[in-house]
Amino acid sequence: MIVDVKGLKTHFFTHRGTVKAVDGVDFELRQGECLCLVGESGCGKTVTALSVLRLFDSPPGKIVGGQIRYNDLDLARCPIKQLRQIRGKDIAIVFQEAQSALNPVLTIGDQITEQIKVHLPLNNEQSRDRAKTLLSDMGIPTPETVMHYYPHQLSGGMKQRVLIAMSLSCDPKILIADEPTTAVDVTIKAQILDIFRELKTKRQMSTIFITHDLAVVSEIGDRAVVMYGGKDVETAPVSELIGNPKHPYTEGLIDCLPDMSKSGDRLASIPGTTPNPLELPEGCSFHPRCSKAMGICSHVEPSKTKISDGHFVCCHLYT
Amino acid sequence: MKSEMNHNLLQLADLKKYYPVTAGLFSRHVGDIKAVDGVTLDVRESEIVGLVGESGCGKSTLARTIPRLEEPTSGKIIYNGNDIARLNKKELSQIRREIQLIFQDPDASLDPRMTVGDSIEEPLVIHHIGDSRERADRVAQLMEQVGLEAGQAGMYPHEFSGGQKQRVGIARALAMNPRLIIADEPVSALDVSIQAQILNLMMDIREKFGLAYLFIAHDLSVIRHMANRVAIMYLGKIVELADKNDLFDSPLHPYTEALLSAVPSFKPKDKDRILLRGDVPSPLNPPPGCHFHPRCHRVMPICSKVKPKQKEVAEGHLVSCHLYK
Amino acid sequence: MVETKIGGCLPNRTGLFNYYWQRIRRNKLALAGLAFIVFLIALAVIGPFVTSDPMAVNFDEKEIPPISFTSQQSTYNIQTDQLTTKDIHGTWEHPLGTDSKGSDMLAMLIAGARISLLVGLIATGIAIILGTIIGVVSAYLGGWADNILMRFTDIMMTFPFFLLLVLIVFIFGPSLAFIVLVIGLTGWTGTARMIRSESLSLRTREFVVAAKALGATDNRVVFRHLIPNVASLIIIMATLSIPGVILAEAALSFIGLGDPTVPSWGVILESGRHTLATSWWVAVEPGIMLFLTVLAFNFLGDGLRDAFDPRSNL
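Since we're looking at a predicted model, the values are computed, not measured.

*Asks:* Run through the overall build of chain C, naming residues and quoting values.
*Replies:* Counting secondary structure elements, chain C contains 11 helices and two strands. The helix and strand sequence of chain C, counted from the amino end, reads α-α-β-β-α-α-α-α-α-α-α-α-α. Its C-alpha radius of gyration of 25 Å places chain C more than 25% over the 20 Å reference for a compact globule of 314 residues. At a minimum sequence separation of 6, the contacts of chain C that also span at least 24 residues come to 73%.

Below, the structure is given as structure tokens:
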């Protein structure tokens with residue numbers, strides 16, 4: 001295991017109150033695996049990923065508890081200098097909005113080489129060569145020309161690929177991908193998933209893949225962590241999670257997918273809406289929407305129970 | 001349920017919408033963005049026709065051209081026997097009551113400065129329906145129908161969640177008792193659990209009010225759940241149109257095949273995934289012949305020269321592809 | 001640093017006004033500006049009833065310094081050929097002193113406040129209304145109407161309003177009403193451009209398309225949807241224009257184009273220009289008032305701009 005997150009709590013202190021974006025999350029990333037963080041908007045998955053590299057705005061955000069162990073370091077607490085050396089080089093991140101992640105006034109070539117020169121002792125020509133290799137690895141047909149393009153001249157899919165190429169420029173061992181397939185068309189989605197699969201097989205990359213799409217999880221993930229209200233409610237190998245979900249939220253999520261609908265017209269759905277992070281319900285955050293809620297669920301937070309090897313749930317049904 | 005029994009509510013005949021491109025000091029006309037390039041499609045009463053396509057295929061432009069929010073460049077839009085494209089403003093206003101739109105982004109489709117009650121009431125005010133008491137009653141009724149509380153009518157859009165805002169949009173569209181609703185990606189911006197609620201709502205009101213939908217989406221699993229018939233759009237043209245099961249079980253057009261194989265799914269794929277090369281070309285300069293030929297995995301020499309015509313290959317199953325004669 | 005959105009959560013049941021008021025409240029400078037403006041308005045409304053006539057002239061009491069200051073006045077007696085210097089102390093009777101004609105400074109400044117505020121509000125009012133109508137209509141109609149209106153705006157922008165004013169003063173004599181009119185009729189161009197640009201981006205927003213889909217006429221779209229949504233921009237532009245207008249009037253008075261019969265701050269400043277050595281307060285006091293007023297409106301305008309911008313994290 002190469003990254004071990006225990007009890008991570010990242011809170012945002014705003015004048016409207018404290019937003020407990022991440023409130024006690026555990027997971028581990030193993031060598032060469034693709035770990036998916038799954039959940040809907042507001043569940044804290046993006047903030048969890050940002051917390052690994054402490055990339056959130058520091059006031060108002062703060063890691064108030066837990067640890068992120070990587071290589072004998074606690075990334076949650078280590079000095080910023082050490083963190084900077086890790087960012088981009090050991091652990092890289094690919095953001096969701098390809099539009100805004102690329103600088104519109106610099107050419108693609110300039111942006112990639114900038115990244116390379118920060119971490120690697122290469123001169124201009126060597127950096128450019130490396131950049132070209134990366135672009136063609138990503139399946140971009142004419143790397144030499146693309147290097148001279150500006151972001152607005154590229155399509156959405158190409159931009160996403162450039163972003164991934166940039167993140168790989170310093171050969172990181174770990175890649176964090178924040179919803180890379182969410183804002184793109186179906187055919188591009190397939191291409192990007194293919195790239196991630198290749199990264200796993202050819203480069204033995206370990207990935208933390210954030211998404212809300214369970215179908216993507218089933219295609220590309222080895223293990224998955226389902227998040228709700230800032231907590232991890234269920235963790236399991238992907239086939240186990242989809243075939244044998246234990247937490248009512250996971251069950252609900254799977255059931256309400258159109259793919260999985262059993263009877264013709266109506267989809268199963270989860271009543272209510274995702275909780276307001278400023279006012280999380282007491283006890284188990286999911287209880288107001290849970291069809292299997294019991295008396296205890298509204299007072300006491302459930303603790304983690306082991307269902308089987310590698311399968312954990314936080315739910316009173318199983319404690 | 002085969003829907004040939006119902007008559008045609010909407011018929012599009014070779015509908016085109018071009019945006020002229022000008023250049024130079026005197027704005028010379030140098031070309032056209034062919035957003036909608038000859039669409040022939042029909043929607044029958046109470047049926048749901050799904051329209052699928054990726055970005056840039058023209059589906060949103062089509063959604064806006066049908067009620068003439070954009071003026072069509074050529075072609076016919078026949079609603080209930082009348083060609084809407086020819087109507088004057090007054091007659092068009094009548095039609096506007098029967099064809100309503102639901103938009104993708106619940107944040108952007110509601111005026112942030114109006115209460116949701118005012119937004120829902122607006123169509124009634126525009127068409128001078130009822131007095132203010134009757135309108136207030138109708139607004140309350142509509143809100144209940146879409147699953148909101150009537151007491152929330154005085155609140156502003158920013159006080160609601162995405163799913164609730166979309167419900168407001170649906171209530172607004174229902175105010176005039178329309179017969180056809182054009183839904184432009186109504187659930188794409190919503191979380192999965194909310195998406196299911198809204199889709200159920202749309203099915204419920206369709207049953208209750210006998211509505212027809214032109215349901216535009218890029219998510220094939222949603223289309224599969226909702227639609228009776230499905231049309232696939234690429235660069236302004238409909239490349240395939242069929243009953244849902246026919247399309248999903250035996251797709252004919254290579255683009256449809258590629259789309260279906262690209263969808264991430266739970267079930268393991270029997271065949272290898274078809275990965276399309278390249279990106280969608282620009283609607284300003286579509287490739288000659290069949291627009292799809294540069295990316296087609298079953299391309300033939302004729303495809304780069306001649307545009308394929310739409311043919312009915314099986315009952316109710318139309319394709320535009322040279323593979324089928 | 002990556003900006004994290006913490007979901008747009010808002011407290012329940014707030015009206016629009018309360019929502020914006022909460023946001024403005026957080027900006028201390030804006031609040032200070034607002035407080036000062038309220039104070040100024042109160043002064044302008046109540047003041048004239050409480051103070052003496054600003055135009056009263058009393059040469060016996062000329063050039064008295066403000067309270068707690070002392071100045072020296074020298075008088076030369078021709079007959080005795082003697083220069084006598086005596087100390088004059090400020091008194092509570094004229095807490096801010098008097099000018100060279102003996103008029104009470106406090107009374108004049110208060111009258112001046114009234115004038116400056118009126119000038120600011122009326123001239124800005126004219127400019128904003130004109131600018132908004134032209135901007136919104138231009139954006140909404142588009143095409144040739146937009147072209148014509150914008151070229152007209154360009155011409156007005158290059159118009160030398162200063163020369164126009166000189167001409168008017170030459171022909172009709174200096175008059176505050178004319179100054180207000182000229183400032184108003186030439187100051188709308190900036191507003192027109194900003195409002196047009198904002199309206200253009202609003203026009204393509206989905207709620208405008210939705211309104212049209214419902215059958216709304218152009219009229220309704222403009223007045224019921226576009227204008228309320230540019231309202232915040234209008235308020236900000238107005239607040240930020242007022243100080244410019246007030247200064248413009250003061251500047252005109254300073255160079256002698258103002259209306260000398262009216263004790264606006266600019267006129268007072270101008271009159272104090274010649275006697276800086278002996279009665280510096282006549283120029284400095286209106287100067288301070290102008291400075292504070294302009295600052296107050298600018299702080300408030302900035303605060304409003306931040307409060308109305310949905311993207312700023314307040």
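*Asks:* Please provide a residue-by-residue account of the overall build of chain B, values included.
*Replies:* A tally of helices and strands in chain B yields nine helices and 12 strands. In summary, chain B has a C-alpha radius of gyration of 21 Å against a globular reference of 20 Å for 325 residues, a match within 12%. Expressed along its principal axes, the backbone C-alpha trace of chain B runs to roughly 65 × 55 × 40 Å. Across the 325 residues that make up chain B, the buried fraction comes to 49%.

*Asks:* Quick one: what's the story with the interface of chain C and chain B, residue by residue and with numbers?
*Replies:* At the interface, 19 residues of chain C touch 21 residues of chain B. Looking at the side of chain C that touches chain B, the elements that each hand over two or more residues are α8 (206-213) and α9 (218-254) of chain C. Of the residues contributing to the side of chain C that touches chain B, the split by class is 10 nonpolar, five polar and four charged.

*Asks:* Could you give me a rundown of the sheet that holds strand β7 (residues 174-178) of chain A, with the residues and numbers involved?
*Replies:* The strands making up a sheet associate through backbone hydrogen bonding, with each pair oriented either parallel or antiparallel. All names here are of chain A. The mixed open sheet is built from eight strands, whose spatial order is β6-β7-β8-β3-β9-β10-β12-β11. Across the chains shown, the open sheet's two edge strands, defined by having one partner strand only, are β6 (91-94) and β11 (304-308). Adjacent strand axes in the sheet meet at a mean angle of 20 degrees when their direction is disregarded. Pairing analysis gives five bridges linking strand β3 (residues 34-38) to strand β8 (residues 206-211), with the strands arranged parallel. Its bridge partner lying in β8, Cys34 is registered against Thr207.

*Asks:* Before we move on, can you summarise the pairing of β8 of chain A with the specific residues and values?
*Replies:* Residues and elements named next belong to chain A. When you tally the buried positions in β8, you get six out of six residues, the bulk of the element. Of the two faces of β8, both are covered, the one formed by Ser206, Ile208 and Ile210 as well as the one formed by Thr207, Phe209 and Thr211. Pairing analysis gives five bridges linking β7 to β8, with the strands arranged parallel. Looking at the pairing, Ile176 lines up with Ile208 of β8. In this fold, the crossover linking β7 to β8 by way of helix α8 (residues 186-203) has right-handed handedness.

*Asks:* So what about α8 of chain A? Which residues, and what values?
*Replies:* End to end, α8 of chain A covers 25 Å across 18 residues, agreeing with the expected 26 Å (1.5 Å per residue, within 8%). Buried within α8 of chain A are the following residues: Val186, Thr187, Ile188, Lys189, Ala190, Gln191, Ile192, Phe196 and Leu199 of chain A. Elements in contact with the buried residues of α8 of chain A: α7 (156-167), β7, β8 and α9 (214-220) of chain A together with α7 (220-226) and α9 (254-262) of chain B.

*Asks:* Before we move on, can you summarise the sheet that holds strand β4 (residues 61-70) of chain A with the specific residues and values?
*Replies:* Residue and element names in this part refer to chain A. What the four strands build is an open sheet, ordered β2-β1-β4-β5; its pairing is antiparallel. Edge positions in the sheet fall to β2 (17-29) and β5 (73-74), since each of these pairs with one other strand and no more. Alignment of strand β1 (residues 3-14) against β4, held across eight bridges, turns out to be antiparallel. From the neighbouring strand, Val5 faces β4, where its bridge partner is Ile68.

*Asks:* How would you explain the nonpolar core if you had to name every residue and give the values?
*Replies:* Core analysis: the largest hydrophobic core is formed by 253 residues, its most contacted members being Phe215 and Ile232 of chain B. For this core, the element with the highest residue contribution is helix α3 (residues 105-141) of chain C, accounting for 17 residues. Setting aside residues no more than four positions away along its own chain, Ile232 of chain B makes contact with Val52, Gly53, Ile238, Val239, Glu240, His253, Tyr255, Thr256 and Leu259 of chain B.

*Asks:* Go over the interface of chain A and chain B, please, and point to the residues and values.
*Replies:* Buried accessible area, meaning the area lost when the parts come together, often serves as the stated size of an interface. Between chain A and chain B, the residue contacts involve 35 residues of the former and 30 residues of the latter. Within the residue set of the side of chain A that touches chain B, elements represented by two or more residues are α7, α8, α9 and α11 (248-255) of chain A. Tallied by class, residues from the side of chain A that touches chain B come to 14 nonpolar, 12 polar and nine charged.

*Asks:* Run through unusual backbone geometry, naming residues and quoting values.
*Replies:* All names here are of chain A. At Arg54, a position not held by glycine, the phi torsion is positive, near 50 degrees. Relative to the assigned elements, Arg54 resides in the loop between α1 (45-52) and β4. What makes Arg54 buried here is the crowd of 21 C-beta atoms within 10 Å.

*Asks:* So what's going on with the packing of helix α3 (residues 116-126) of chain B against helix α4 (residues 132-145) of chain B? Residues and values would help.
*Replies:* Pairs of packed helices are described in terms of their axes, by the angle between the two and the distance that separates them. Residues and elements named next belong to chain B. Two numbers describe how α3 lies on α4: the axes approach to 10 Å, and their chain directions differ by 120 degrees. In the crossing of α3 with α4, the sense of the turn from one axis to the other is right-handed. Mapping the contact onto sequence places Gly117, Ile120, Glu121 and Leu124 in α3 and Arg135, Arg138, Val139, Leu142 and Met143 in α4. In the contact of α3 with α4, the residues fall into five nonpolar, one polar and three charged.

*Asks:* Before we move on, can you summarise the packing of α7 of chain A against α8 of chain A with the specific residues and values?
*Replies:* Residue and element names in this part refer to chain A. In contact at an axis separation of 10 Å, α7 and α8 are set at 15 degrees when each is read in the N-to-C sense. One way to sum up the angle between α7 and α8 is to call them roughly parallel. Viewed along their axes, α7 and α8 form a crossing whose handedness is right-handed. Packed against α7, whose contacting residues are Gly156, Gly157, Gln160 and Ile164, the element α8 presents Ile188, Gln191, Ile192 and Ile195 at the interface. For the contact of α7 with α8, the per-class residue count stands at four nonpolar, four polar and no charged.

*Asks:* An account of the confidence of the model for chain C is needed here, citing residue identities and associated values.
*Replies:* Residue and element names in this part refer to chain C. Looking at chain C as a whole, its pLDDT mean stands at 81, while 93% of the residues score no less than 70. Taken together, the stretch residues 1-14 has pLDDT below 50 and engages in 27 contacts with residues farther than four places along the chain or on a different chain. Both confidence scores are given for the complex: pTM 0.81, ipTM 0.82.

*Asks:* How would you summarise the pairing of β6 of chain A if you had to cite specific residues and measurements?
*Replies:* Residue and element names in this part refer to chain A. Side chains Ile91 and Ile93 project from β6 onto one buried face, and the interleaved Ala92 and Val94 project onto a second face that is buried too. As paired strands, β6 and β7 are joined by four bridges and run parallel to one another. Note that in β7 the partner of Ala92 across the bridge is Leu175.

*Asks:* So what's going on with the environment of Pro288 of chain A? Which residues, and what values?
*Replies:* Residue and element names in this part refer to chain A. Within the fold, Pro288 resides in the loop between α11 and β11. Sequence separation of Pro288 and Ile63 is 225 residues, and the distance between their C-alpha atoms is 28 Å. Setting aside chain neighbours within four positions, we find Pro288 in contact with Gly272 and Pro281.

*Asks:* Requested: an account of the environment of Leu31 of chain C, with residues and values cited.
*Replies:* For Leu31 of chain C, the position within the fold is in helix α2 (residues 28-50). Sequence separation between Leu31 of chain C and Ala307 of chain C is 276 residues, and the spatial gap between their C-alpha atoms is 12 Å.

Each value, and the rule that gives it
- Residues numbered from 1 in each chain as written.
- Chains lettered and ligands numbered in written order.
- Predicted model: local features only at pLDDT ≥ 70, side-chain atom pairs only at ≥ 80, totals over all residues.
- Helix = DSSP H or I, 4+ residues; strand = E, 2+ residues; numbered from the N terminus.
- Rg over C-alpha atoms; globule rule 2.2 N^0.38 Å.
- Contact = placed C-beta atoms within 7 Å.
- Buried ≥ 20, exposed ≤ 12 C-beta atoms within 10 Å, placed from the backbone.
- Nonpolar A, V, L, I, M, F, W, Y, C, P; charged D, E, K, R; others polar.
- Pairing = 2+ DSSP bridges.
- Axes fitted to C-alpha atoms, helices over the stretch in contact; angles between N-to-C directions.
- Right-handed = clockwise from strand over helix to strand, strands pointing away.
- Expected span 1.5 Å × (residues − 1).
- Core = buried A, V, L, I, M, F, W, Y, C linked by C-beta atoms within 7 Å.
- Left-handed = near helix turned anticlockwise from the far one by under 90°.
- Parallel < 35°, antiparallel > 145°, perpendicular 65-115°, else oblique.
- pLDDT = per-residue confidence, 0-100.

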